[in-house]
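Observations on chain architecture
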Amino acid sequence: MKIALITGASSGFGLSLAKMLDNAGFAVIACARRLEKLQELQAELKNPSLIYALDVRDKNAVFEVAKNLPKQWQNIEILVNNAGLALGQESFENADLEDFEIMIDTNIKGLLYTTKAFLPHLERGGIIFNLGSVAGAYPYPGSHVYGGTKAFVRLFSHTLRNDLKGKDIRVTTIAPGIAKTEFSEVRFKGDKARADAVYDGTKYLSANDVAKVICDIAALPKHVNINYLEVMPVSQSWAGFAFEGK
Ligand code: NDP
Ligand code: 8X3
């Protein structure tokens, strides 16, 4: 049985990827906080699957799930650290300290917990995908802490690869640009009009686009490691520097 574990499998990239990997013959372990969404997903999957209502910020819960995986599910080939979020996009001085803490706890600490907890289950070789973002490479107004967490993901992934030298474990950071998922609704705390405005009039990536990139990389020969991959829609590019007074 080929096994893939995905965090944040209840929506967006994680949900698309769970379905795509299932189609590719993987048995999926799907984790997220919303159990009912995972149950809907499980009903659609053709291969055996496991679902866990798991908050990646809950260190003990993450390690409990890893420790108690049924024996036949303990040989994970693909680990996707996808659970994550942005909260708010106000300027740093106006932004909410509690939002900062949730982003750091989820995007950095949660990713570290799941990596540390599930790594022993990749001992026979595999691939770890960490979801970064273009926000981790380029600043934009209001990206401060979110971008910082994604910059962490990129550098952590590189150093993890160093530390895993000698094991057959690939590590890849996927850094998407604009993609329509629940991301903006979460960021703007349910303000659907503000979330929709992010995507109005432009051609964004779909969750399937990103899931396909991940599946294609996973299918590469096992000695080929994509370290870091930015993926943007053709419609998205850079706006350059801003100058006071101009
Ligand atoms: P969605 O909001 O659609 O999905 C986010 C997923 O993460 C959900 O399944 C959510 O599940 C889960 N999640 C959030 N917090 C937690 C938590 N504390 N514990 C467990 N699961 C959690 O967004 P995307 O699919 O777009 O985002 C996936 C990843 O991609 C994120 O890391 C995001 O930062 C990144 N990204 C997104 C981009 C975009 O434009 N959409 C671009 C670049 C990167 P639940 O609420 O059920 O827990
Ligand atoms: C999500 C992409 O540009 O909204 O990480 O930060 S962006």
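Up top you'll find the structure we're talking about.
What counts and what doesn't
Residues numbered from 1 in each chain as written. Chains lettered and ligands numbered in written order. Predicted model: local features only at pLDDT ≥ 70, side-chain atom pairs only at ≥ 80, totals over all residues. Heavy atoms only, no water. Near = heavy atom within 4 Å. Polar contact = N/O pair within 3.5 Å; in protein donor to acceptor, adjacent residues only side chain to side chain. Areas by Shrake-Rupley, 256 points an atom, 1.4 Å probe, with all protein chains shown as cover. Helix = DSSP H or I, 4+ residues; strand = E, 2+ residues; numbered from the N terminus. Nonpolar A, V, L, I, M, F, W, Y, C, P; charged D, E, K, R; others polar. Axes fitted to C-alpha atoms, helices over the stretch in contact; angles between N-to-C directions. Parallel < 35°, antiparallel > 145°, perpendicular 65-115°, else oblique. Left-handed = near helix turned anticlockwise from the far one by under 90°. Contact = heavy atoms within 4.5 Å. Phe/Tyr/Trp six-rings, centres within 6.5 Å; stacked < 30°, edge-to-face > 60°. Buried < 20%, exposed > 50% of the residue type's maximum accessible area, 1.4 Å probe, protein only. Lys NZ or Arg CZ within 6 Å of the ring centre and 35° of its normal. Pairing = 2+ DSSP bridges. Expected span 1.5 Å × (residues − 1). Bend = angle between axes of the 7 residues up to and from the residue. Salt bridge = Lys/Arg side-chain N within 4 Å of Asp/Glu carboxyl O.

**Here we look at the site of ligand 2**
As a structural note, the neighbourhood of ligand 2 is formed by Ser133, Ala135, Tyr140, Tyr146, Phe183 and Arg187. At 2.5 Å, a side-chain N or O of Ser133 approaches an oxygen atom of ligand 2.

**Observations concerning the site of ligand 1**
Near ligand 1 there are 29 residues, and of these Ser10, Ser11, Arg33, Tyr146 and Thr181 occur at the shortest range. In the environment of ligand 1, an oxygen atom lies 2.5 Å from a nitrogen or oxygen atom belonging to the side chain of Ser11. The separation between an oxygen atom of ligand 1 and a polar main-chain atom of Gly177 is 3.5 Å. Coverage of ligand 1 by the protein amounts to 96% of the 890 Å² it exposes when considered alone. Among the elements of the structure, α1 (12-23) and α5 (144-163) are those that each provide at least two residues to the shell around ligand 1. Partitioned by chemical class, the residues of the shell around ligand 1 number 12 nonpolar, 11 polar and six charged.

**A short note on the packing of helix α3 (residues 59-67) against helix α4 (residues 97-118)**
Where α3 contacts α4, the axes come no closer than 9 Å and their chain directions differ by 25°. By the angle between their axes, α3 is roughly parallel relative to α4. For the pair α3 and α4, the sense of crossing is right-handed. In contact with Lys59, Val62, Phe63, Val65 and Ala66 of α3, α4 contributes Tyr113, Thr114, Lys116, Ala117 and Phe118.

**A word on the packing of aromatic side chains**
Counted under the stated rule, the structure contains five aromatic pairs. Both rings, one in Phe92 and one in Phe100, keep their centres 5.2 Å apart while their planes meet at 5°; by these two values the pair is stacked. Pairing Tyr199 with Tyr204 gives two aromatic rings, centres 5.4 Å apart and planes at 75°, and the pair type is edge-to-face. What makes Tyr199 buried here is its relative accessible area of 5%. Directly above the aromatic system of Tyr228 lies the positively charged group of Arg154, at a separation of 3.8 Å from the ring centroid.

**Observations concerning the sheet that holds strand β7 (residues 228-231)**
Read across the sheet, seven strands follow the order β3-β2-β1-β4-β5-β6-β7 without closing on themselves; strand pairing throughout is parallel. Either end of the sheet is taken by a strand with one partner, and the two such strands are β3 (49-53) and β7. Here the strands of the sheet are splayed against their neighbours by 15° on average, with no regard to which way each runs. Looking at chain direction, strand β5 (residues 126-131) and strand β6 (residues 169-176) are connected through six bridges and run parallel. Across the sheet, Phe129 pairs through a bridge with Thr172, a residue of β6.

**Some words on α4**
A turn of α-helix holds 3.6 residues, and therefore any two residues three or four places apart point the same way. Here α4 contains 22 residues, and its C-alpha end-to-end distance of 30 Å stays within 8% of the 32 Å for a straight helix at 1.5 Å per residue. Maximal helix bending in α4 amounts to about 35°, located at Lys109.

**Brief notes about the pattern of salt bridges**
Under the criterion given, the structure shown has 11 salt bridges. Arg57 is the partner of Asp55 in a salt bridge, and the nearest nitrogen-oxygen pair spans 2.8 Å. Residue classification places Arg57 among the partly exposed residues on the basis of a relative accessible area of 32%. Residue Glu90 pairs with Arg194 through a salt bridge whose shortest N-O separation is 3.6 Å. Placement of Glu90 in the loop between β4 (76-81) and α4 and of Arg194 in helix α7 (residues 192-199) is noted, with a sequence separation of 104 residues between them.

**Points about unusual backbone geometry**
With a phi close to 55°, Lys189 is a non-glycine residue in the positive phi region. In this fold, Lys189 is placed in the loop between α6 (183-187) and α7.

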